[in-house]
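An overview of the molecular structure
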Amino acid sequence: QLQLVESGGGLVQPGGSLRLSCATSGFSLGYYGVGWFRQAPGKEREAVSCISSSGGNTNYADSVKGRFTISRDNTKNTVYLQMNNLKPEDTAVYFCKLRSFAPSGPYDYWGQGTQVTVSS
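Definitions and limits used
Residues numbered from 1 in each chain as written. Predicted model: local features only at pLDDT ≥ 70, side-chain atom pairs only at ≥ 80, totals over all residues. Heavy atoms only, no water. Salt bridge = Lys/Arg side-chain N within 4 Å of Asp/Glu carboxyl O. Helix = DSSP H or I, 4+ residues; strand = E, 2+ residues; numbered from the N terminus. Buried < 20%, exposed > 50% of the residue type's maximum accessible area, 1.4 Å probe, protein only. Core = buried A, V, L, I, M, F, W, Y, C linked by side-chain atoms within 4.5 Å. Phe/Tyr/Trp six-rings, centres within 6.5 Å; stacked < 30°, edge-to-face > 60°. Lys NZ or Arg CZ within 6 Å of the ring centre and 35° of its normal. Pairing = 2+ DSSP bridges.

**What about the pattern of salt bridges?**
Pairing between side chains becomes possible if they bear opposite charge and their charged atoms approach one another. The tally for this structure, following the rule as stated, stands at six salt bridges. For the salt bridge of R38 with D90, the shortest nitrogen-to-oxygen distance reads 2.9 Å. One end of the pair, R38, is in strand β4 (residues 34-39); the other, D90, is in the loop between β8 (78-83) and β9 (92-102), and 52 residues separate them in sequence. For the residue pair R38 and D90, the accessibility class agrees, reading buried in each case. Between R99 and D108 there is a salt bridge, with its nearest N and O atoms 2.7 Å apart. A residue is classified by how much of its surface remains accessible, and R99, at 35% relative accessible area, is partly exposed. One salt-bridge network, held together by shared partners, links R38, E46, R67 and D90.

What follows is the structure, encoded as structure tokens:
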């Protein structure tokens, strides 16, 4: 059974940094692309960044370009989101998502989320 577990969230001051991790249990992460999403109170969940299975292709939301970096270490079954120069508007619960292309159609796996709070 595939499981995704996010970690690394916490409280940080504006301009600070955090590194989020998305780790798998019971399944190899290396075959799948992974995305990071976030949801702030009162707002819809939005895509932040995604990375291909090999790590060769990445994409970022305009709001985080130049500040966030997504990467992966498939030997550790982990995807990372390095967040630098954090802003209060980055405050949200961050989720990772994996999409499995099953014969019957795509199926998305979500982690439980990790809270990121940017405040002085």
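Here the narrative resumes, following the displayed structure.
**Concerning the nonpolar core**
One finds W36, F68, V79, L81, M83 and Y94 to be the most contacted residues of the largest nonpolar core, which totals 28 residues. Contributions of two or more residues to this core are made by β3 (18-25), β4, β5 (46-51), β7 (68-73), β8, β9 and β11 (114-118).

**Some thoughts on the packing of aromatic side chains**
A complete count under the given rule lists four aromatic pairs for this structure. Pairing F27 with Y32 gives two aromatic rings, centres 5.3 Å apart and planes at 40 degrees, and the pair type is tilted. A residue is classified by how much of its surface remains accessible, and F27, at 36% relative accessible area, is partly exposed. Of the residues examined, Y32 reaches a relative accessible area of 15% and is grouped as buried. Here Y107 and Y109 contribute two aromatic rings whose centre-to-centre distance is 4.9 Å and whose plane-to-plane angle is 75 degrees, an arrangement assigned as edge-to-face. The rings of F37, F95 and W110 are connected pair by pair, giving a single aromatic cluster. Geometry around F95 places R45 over its ring, the cationic atom sitting 3.9 Å from the centre.

**Side note on the pairing of β3**
Both strand β1 (residues 3-7) and β3 contribute to a ladder of five bridges, which runs antiparallel. Looking at the pairing, Q3 lines up with S25 of β3. In this sheet, β8 lies alongside β3 in antiparallel orientation, the contact comprising six bridges. Each bridged residue has a counterpart across the sheet, and for A23 the counterpart in β8 is T78.

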